[in-house]
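Geometric and topological summary
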6 protein chains.
Amino acid sequence: MSYSKNLSKTSGAPTATGEDGLISMVVADLCAAATGKMARLRQKFSRHIAPSRDRVIEIMEKLRMILFPGYFGPSDLTDETLPFYLGTTLDQVRSMLEDQIARGFCFECPNDHCCVLSDECVQRARGIVEKLLVRLPHIRGYLITDVQAAFESDPAAKSADEAIFCYPGIHALTNHRVAHELYLLKVPLIPRIISEHAHSITGIDIHPGADIEDHFFMDHGTGIVIGETCQIGSNVIIYQGVTLGAKSFPLDEDGKPVKGIDRHPIVEDNVIIYSGATILGRITIGAGSVIGGNVWLTKSIPPNSKITQKQASRGVRED
Amino acid sequence: MSYSKNLSKTSGAPTATGEDGLISMVVADLCAAATGKMARLRQKFSRHIAPSRDRVIEIMEKLRMILFPGYFGPSDLTDETLPFYLGTTLDQVRSMLEDQIARGFCFECPNDHCCVLSDECVQRARGIVEKLLVRLPHIRGYLITDVQAAFESDPAAKSADEAIFCYPGIHALTNHRVAHELYLLKVPLIPRIISEHAHSITGIDIHPGADIEDHFFMDHGTGIVIGETCQIGSNVIIYQGVTLGAKSFPLDEDGKPVKGIDRHPIVEDNVIIYSGATILGRITIGAGSVIGGNVWLTKSIPPNSKITQKQASRGVRED
Amino acid sequence: MSYSKNLSKTSGAPTATGEDGLISMVVADLCAAATGKMARLRQKFSRHIAPSRDRVIEIMEKLRMILFPGYFGPSDLTDETLPFYLGTTLDQVRSMLEDQIARGFCFECPNDHCCVLSDECVQRARGIVEKLLVRLPHIRGYLITDVQAAFESDPAAKSADEAIFCYPGIHALTNHRVAHELYLLKVPLIPRIISEHAHSITGIDIHPGADIEDHFFMDHGTGIVIGETCQIGSNVIIYQGVTLGAKSFPLDEDGKPVKGIDRHPIVEDNVIIYSGATILGRITIGAGSVIGGNVWLTKSIPPNSKITQKQASRGVRED
Amino acid sequence: MSYSKNLSKTSGAPTATGEDGLISMVVADLCAAATGKMARLRQKFSRHIAPSRDRVIEIMEKLRMILFPGYFGPSDLTDETLPFYLGTTLDQVRSMLEDQIARGFCFECPNDHCCVLSDECVQRARGIVEKLLVRLPHIRGYLITDVQAAFESDPAAKSADEAIFCYPGIHALTNHRVAHELYLLKVPLIPRIISEHAHSITGIDIHPGADIEDHFFMDHGTGIVIGETCQIGSNVIIYQGVTLGAKSFPLDEDGKPVKGIDRHPIVEDNVIIYSGATILGRITIGAGSVIGGNVWLTKSIPPNSKITQKQASRGVRED
Amino acid sequence: MSYSKNLSKTSGAPTATGEDGLISMVVADLCAAATGKMARLRQKFSRHIAPSRDRVIEIMEKLRMILFPGYFGPSDLTDETLPFYLGTTLDQVRSMLEDQIARGFCFECPNDHCCVLSDECVQRARGIVEKLLVRLPHIRGYLITDVQAAFESDPAAKSADEAIFCYPGIHALTNHRVAHELYLLKVPLIPRIISEHAHSITGIDIHPGADIEDHFFMDHGTGIVIGETCQIGSNVIIYQGVTLGAKSFPLDEDGKPVKGIDRHPIVEDNVIIYSGATILGRITIGAGSVIGGNVWLTKSIPPNSKITQKQASRGVRED
Amino acid sequence: MSYSKNLSKTSGAPTATGEDGLISMVVADLCAAATGKMARLRQKFSRHIAPSRDRVIEIMEKLRMILFPGYFGPSDLTDETLPFYLGTTLDQVRSMLEDQIARGFCFECPNDHCCVLSDECVQRARGIVEKLLVRLPHIRGYLITDVQAAFESDPAAKSADEAIFCYPGIHALTNHRVAHELYLLKVPLIPRIISEHAHSITGIDIHPGADIEDHFFMDHGTGIVIGETCQIGSNVIIYQGVTLGAKSFPLDEDGKPVKGIDRHPIVEDNVIIYSGATILGRITIGAGSVIGGNVWLTKSIPPNSKITQKQASRGVRED
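This section reports on the structure supplied with the text. (Residues numbered from 1 in each chain as written. Chains lettered and ligands numbered in written order. Predicted model: local features only at pLDDT ≥ 70, side-chain atom pairs only at ≥ 80, totals over all residues. Heavy atoms only, no water.)

**Looking at the overall build of chain A**
- Tallying secondary structure elements over chain A gives 8 helices and 15 strands in all.
- Evaluated residue by residue, chain A yields a buried proportion of 64% over its 319 residues.
- Here the analysis covers contacts within chain A between residues at least 6 apart in sequence; of these, 48% occur between residues at least 24 apart.
- Accessible surface, chain A as shown: approximately 10,800 Å² in total, 52% of it carbon and sulfur. (Helix = DSSP H or I, 4+ residues; strand = E, 2+ residues; numbered from the N terminus. Buried < 20%, exposed > 50% of the residue type's maximum accessible area, 1.4 Å probe, protein only. Contact = heavy atoms within 4.5 Å. Areas by Shrake-Rupley, 256 points an atom, 1.4 Å probe, with all protein chains shown as cover.)

**Looking at the relation of the copies chain C and chain D**
- The two copies are related by a screw motion: chain C maps onto chain D through a turn of 180 degrees and a shift of 0.0 Å along the axis, at an RMSD of 0.0 Å. What we have between these two chains is a two-fold relation. Measuring from the rotation axis to each C-alpha of chain C, the shortest distance belongs to Phe 84 of chain C, at 2.3 Å. (Least-squares fit on C-alpha atoms with pLDDT ≥ 70 in both.)

**Comments concerning the interface of chain C and chain D**
- Each partner contributes to the interface: chain C provides 12 residues, whereas chain D provides 12 residues.
- Summed over both sides, the interface between chain C and chain D buries roughly 940 Å², with carbon and sulfur atoms accounting for 51% of that surface.
- Of all residues in chain C, Phe 84, Tyr 85 and Thr 88 of chain C bury the most surface against chain D, accounting for 48% of the area lost on that side.
- Linking chain C with chain D are 0 salt bridges.
- Counting every contact that joins chain C to chain D gives 7 residue pairs in polar contact (both at pLDDT 80 or more).
- For the side of chain C that touches chain D, the residue count by class is 3 nonpolar, 5 polar and 4 charged. (Buried area = accessible area lost by both parts, 1.4 Å probe. Salt bridge = Lys/Arg side-chain N within 4 Å of Asp/Glu carboxyl O. Polar contact = N/O pair within 3.5 Å; in protein donor to acceptor, adjacent residues only side chain to side chain. Nonpolar A, V, L, I, M, F, W, Y, C, P; charged D, E, K, R; others polar.)

**Quick notes on the sheet that holds strand β13 (residues 296–297) of chain C**
All names here are of chain C.
- If you walk across this open sheet you meet the 5 strands as β1-β4-β7-β10-β13, and the pairing is parallel. The sheet is open, and its two borders are formed by β1 (205–206) and β13, each paired with just one other strand.
- Alignment of strand β7 (residues 243–245) against strand β10 (residues 278–280), held across 3 bridges, turns out to be parallel. Considered in β10, the bridge of Leu 244 is made with Ile 279. (Pairing = 2+ DSSP bridges.)

**With respect to the relation of the copies chain C and chain B**
- Between the two copies, chain C and chain B, the superposition gives an RMSD of 0.0 Å; the rotation angle is 120 degrees and the shift along the axis is 0.0 Å. Seen this way, the second copy is the image of the first under a three-fold rotation axis.
- Of all interface residues in chain C, a mere 13% are interface residues in chain B too; the two copies therefore contact each other through different surfaces.

**What about the environment of Leu 136 of chain C?**
- Mapping Leu 136 of chain C onto the fold places it in helix α5 (residues 119–153).
- On the accessibility criterion, Leu 136 of chain C (0% relative accessible area) is buried.
- A sequence separation of 73 residues divides Leu 136 of chain C from Leu 63 of chain C, and the C-alpha atoms of the two residues are 8.8 Å apart.
- Setting aside chain neighbours within four positions, we find Leu 136 of chain C in contact with Leu 30 of chain B together with Leu 63, Ile 66, Leu 67 and Leu 90 of chain C.

**What to know about the interface of chain C and chain B**
- Contacts between the two partners involve 70 residues from chain C and, on the opposite side, 70 residues from chain B.
- Carbon and sulfur atoms supply 58% of the area that chain C and chain B bury against each other, a total of about 6,100 Å² over both sides.
- Remark: the boundary between chain C and chain B carries 2 salt bridges.
- For the pair chain C and chain B, the number of links is 9 residue pairs in polar contact (both at pLDDT 80 or more).

**Things to note about the nonpolar core**
- Counting residues in each nonpolar core, the largest one holds 564 residues, and the members touching the most others are Ile 226 of chain A, Ile 226 of chain B, Ile 226 of chain C, Ile 226 of chain D, Ile 226 of chain E together with Ile 226 of chain F.
- If sequence neighbours within four positions are ignored, Ile 226 of chain B has contacts with Asp 205, Ile 206, His 207, Ala 210, Phe 216, Met 218, Ile 232, Ile 238 and Leu 244 of chain B. (Core = buried A, V, L, I, M, F, W, Y, C linked by side-chain atoms within 4.5 Å.)

**A closer look at the packing of helix α7 (residues 168–184) of chain F against helix α8 (residues 190–202) of chain F**
All names here are of chain F.
- Where α7 meets α8, the closest approach of the two axes is 8 Å, and the angle between their N-to-C directions is 170 degrees. In terms of orientation, α7 and α8 fall into the roughly antiparallel class. Contacts between α7 and α8 involve Pro 168, His 171, Ala 172, Asn 175, Val 178, Ala 179, Leu 182 and Tyr 183 from the first element and Ile 190, Pro 191, Ile 194, His 197, Ala 198, Ile 201 and Thr 202 from the second.
- Classifying every residue of the contact of α7 with α8 gives 11 nonpolar, 4 polar and no charged. (Axes fitted to C-alpha atoms, helices over the stretch in contact; angles between N-to-C directions. Parallel < 35°, antiparallel > 145°, perpendicular 65-115°, else oblique.)

Shape is all these values report; function is a separate question.
Right, dumping it as structure tokens:
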């Protein structure tokens, strides 16, 4: 007889004990293998271990130190001490990320009898982490172009330093460029945790699958949504509240959306999209185009197009 | 003579002390019972104690562990150990939440001479907490339908696990479904702290009063606003930037808004509302309707309606 | 020979050591003084020390206690103990903020041979902090009007306490009114860190330069953007998703935006701007005007204007 | 049927569940109301709450700041800021200590049906704390004499500052002089927790009951034991390993020691006791006496006595 | 070429870099595979992982909660909630201790190519932890007798609660009785870490190997030493500064002490040993004997013996 | 008029405020510039800043990682990653220790008008830290000999690892060998804080001035005292409770002890001193001597002497 069933019985007669029995009763109800809406999410708890959101965030903060040394983490670095801090932090990232990725494999694992964090899972995770580490200089190169774009495009930017310290767009892109590498390496869960953390901090929601070139600048950022299969060229600027989303998607025979189909816009080089614009579907925004604020767009446009919303009415109040 | 007046005098001649006296002077000014804009918020400080935002957030994290065991909190649970962790965490929630709710009563208390955390306040808080705990299995049942809706409606969702770990909509609904129970139990302050914390984390602002049925899915979420008297049916999907708000509200004789009137939309079953739509006032969106992006709507629509924004202008730049 | 070059050589033959050498190799690549996209952000690391985001946030939390005593920080204050807590917290703020501002000067300092945190930097920082402290009672006076505006304008507000504890608009304005004083005192970096932290928490992005009068109320708040040179009068209400931004800006001979030009709207007294409206450029919204939701506005309007979006189409689906 | 009995049954057949059931079994055994050596310490757990060792230690650290400002706690105090820090810290001590003392009453309370932290317990605790606070300047006066004694008696002391920062004797006396006041006020448990914490840190074990005059110096300190009913005069010096203990004590009719009888030495003014001396029973060490190292003494000695151990043998090895 | 050799070269010419190079130089020296006194402790660093002192201490604190529930850890337990807390804490101990013991095996492992925390090590650790958990009720039974002995033997003890909360002897015995079980299970390192932590806290040094019966009372405790092969009967009382040590030990052919030989005293039931007594070698102290303070004893004594130190000289000062 | 005097007046009439005024009254009393026993320790508080005990302890833990890598701090080091961790930790020690030593200078500074942490103080501190860092490999060489001595001399030592992880003697010597270097560099306060921390943890009290050669082993350690001017040769073993102290010391014309005179024993190579022995004064223990337990010795002895205590009396009880 399982423990939870036993607890369930206890909860049947808690008053007999002269105590209130409330906790026992709620525990029993929560453990009950009920039907319908109450169904348990997992059929069986058997030591599958999950990644930790807090730990993944901690890893991202260490990567931020590696990618922007002197700005995040210890600030009094010298040319002499920089390599020591980088090496130490890289080694910490290697160890922590390997563990989290292995936990991601474990959690998704269909095999109930699998040992906890099997050597195979750990080996796979290790290989992935090594691939990521080798890519970090490359990622950093891209981020430097993003900082330059922010500084040069925003008249309010007092210095490149300000962009690195404060701009939500740089924060979100740092997370994205790391998450995207892990997405390409087919890591489950972790890239999405990384991108959703940036979403929470900045209000910018970039799916780890989105493919974004250099010199990308998002001003203000809140409410930006960039979908999984988006492709964004060089020197693109987008403002707060812009959606690059899917318009509709094919359903399978069960009426569920088919996963993995290209369904988000392609934005070519040198495009500017103003605040609140909504661009949906696998359409192409031609290079050099400018999309006005609050525009709703679902068809491709050629290079150098300019799209604006109709004028608002003046002097009229609807109600 | 009160201490603060005394300090005020001190600040009149700080240079006489041979020290700068700056801190004393600012303290005196801050304590001064001034008039006009400087008026003090509270007439008297007398040991009324306030709830703690940090503590309320900690309680919500413990409830998240209870509602999604194995995902939040310790992850290596087994069928044997699950009830122990649930019972321990429930007891911690019971004790902490009782304290916070009693503090809420204390803070709002009109009685200046009341003893701190009187037995009466504590007893009322205890009764409320017990009612909440008994509702937790019910809340969990609803949340499981929300997870299913997210997984089935979003082609980017790789697994139900991903929705639980990462989706801001699930995070916000977990907070909301708890806050709503406390709202129904007429708890002051605490439900709003809970919902505003979710707002801060996700950009989704659901007032604790909103009444939301099962299988509710909010994609991306940033900028969603759902007002206090909203009613939302089953299987509703809404996207980022959607507002379900009040259009206008009656003012009382002092020109202040009358509180507690139904003033937000009713959204029936199976409705989809795309990003940026603004729906205001006590109107009804009929079952099965689809509201396009960026639409502005202030009148009821019948079931199965489709509403879209006018087309944008092409090739024109306003400036 | 510099250390980083040495490491670079090491990375040339890591396999010779019988170890994997991965960390050494990535360190060498990250330290390499490469060209093009890989260029280093700083030419030389020489103990310039940077402000700490975490520390600045901690200072803001202490200021929140000073500005709203009994709500944030310890809650069981009495008339007797209030001045002690204020004095202690003010002194902590004085010391911590002086350090952070001096670090800001240091980080921006062009002088590579300058000693770390020179006396001159520290003295300048000290003078600025003293000016800020003296302004705190004034700031608090403004914030009290903002709380009143929130309570009186929002039918969902149960008490002024709720507004202080929970409303993102009050949180963001508290940060802004402090950041704005520091902006006026020409402090680098710190004001922007303060305002971006509020942006992260609330989704409300107010540039420290914006000049905002009393009784300002932002409902819900997510997605609000208020630009650097905005001027906002008394008794203004704005809703979520409103942008008060720049439309375009003059470029210098290098094609970069000219910094420091007035380029954002002036909003006069008693204006209401509904959700999602976008108002761009150095235009004036006349006193008493009402701007409807999702409106796109780039020209000045006279006092008492009412502007609304065109009606949406019904019963039509674009795709 | 009680929960623990139920668990006990569960543990009878854990293998039937297909899980190991180890935790359940050990829980059941630990909860079992067994007989003999296994008997439970408390007959019933019913929300009696206990003091917290960690919290009491935290209170002592705050008192150390109050008693030695500028040495412990924040160090950059000025004449202007000192009173603010003292007031804040005193208020924190008042609140925290009141809570711990009330918990001490609660834990010792014979009344099983008593409400948790009843108003009566809290009121008693409050009165005691107020009495202690008023005594703090007096305690500080004594401690200053102890610091002077340390600096003047120890040729290795470089400054009075060193004695305050580093000397275990000063640390132990600070705890003792506070604990002794609480002992006189008949507070249960808390004084002993305070003195045992000093014992743990310094190896000096002074019972809170010991009555010690001014200018007391303990050099090195490790292994010093000073019993409950000791009386120690002014200007006494004792070295490491000295015991001022009880020799034997009357037993009651059950063969248990009778509690509360004077049974430890009286040490008059200006006595020096060298390391390792053992002085037992209600005897008097006359003023100005010197007790040599490792001496074993159980009889009173007149003023100005000199007691030494017999000489050691040379050149002989016992085994 | 290994990294450390490379660093060593760097350190040869640090001035050439225009920087001080001090850190690099010290690193190189510390990494140098030098000879003589500078020899490295480990021939090669290869990811052998070590137990963590902090973690072992944390485990002991959890065990203290399990062995004395309501005294350590959460104090407001009821008969209903006790089993939940016990189960949760036991499961945490199981997981954490398994990890630490496996690390102990790993650290001592002679196999350099062994994978980190191999399944075999983890399995061995798991078996040991399960054996310990099953013994916990037994250990608790013994500790209850120790508390009774403390309360009954010490006239200064106000309650059994005081003994549990405050007495260093109870603290040290709790650690010892756990460490002794792990010693019997042949766990490397961990038992010694546990006993040395108690030594640090209490000044009582009991080797994990010592075999101690029930009702054991150590008063004051500082300086007590109980060697590895001691055997102590029931109802024994010892005071501060007592040594139960080895007198001498046979050396092997290399002049090193032979390990694992019985070399410490046997103390039979009902013995009392007063402060500072030194008892050395594999001798037997017969049941019911009383050993006086500061006695030096290296030969067996029959039951009911009384041993005292010679009288001290009076009125004489040696110098 | 000074602030504290003002507070003092306030405290004169606290009842007039209708509040209890207790805190204000105690603050005033504590601030009062009273006479006699109540005299303030410092004449004026003027931003002299003190070292922080917690910070110094943190520095020692980092040094422990540097001196025993793989044992303390991160344990999964490899030959590749070791130098990175050493370099990072050394740089942290450099920065933190420089700050603490400068604070030590500041605190001891006679100049009231000196700026806080003047450049001169910082430069002096920097020079000292650099000298210490260069000595670390040398210190480590000595400590390795101490570990060897512990392992070879103690039959209970299972491995050298156990000695490093657990032995209080190794812990205390690590602190001592660092503190001694700082003592030689004439650093105020910090060395004593380091050695007293070891004293607190281990019960071993070694003055930073003591000069100790290689292969030094202290078994058990509790109660060992080694005075400031001791000199200890190679291969010395001492047991718990041994005192190497001063017997008496010359007084100056004010009756205060003259500081800085050689007054502690010289212990030559290969000496063993058993537990509880007390050796006082500037005497010499000749090489190869053995001192028995509890011996009291105040005269020099030639090489290879054996000294034991007189036999205890049997069968006699003094009382």
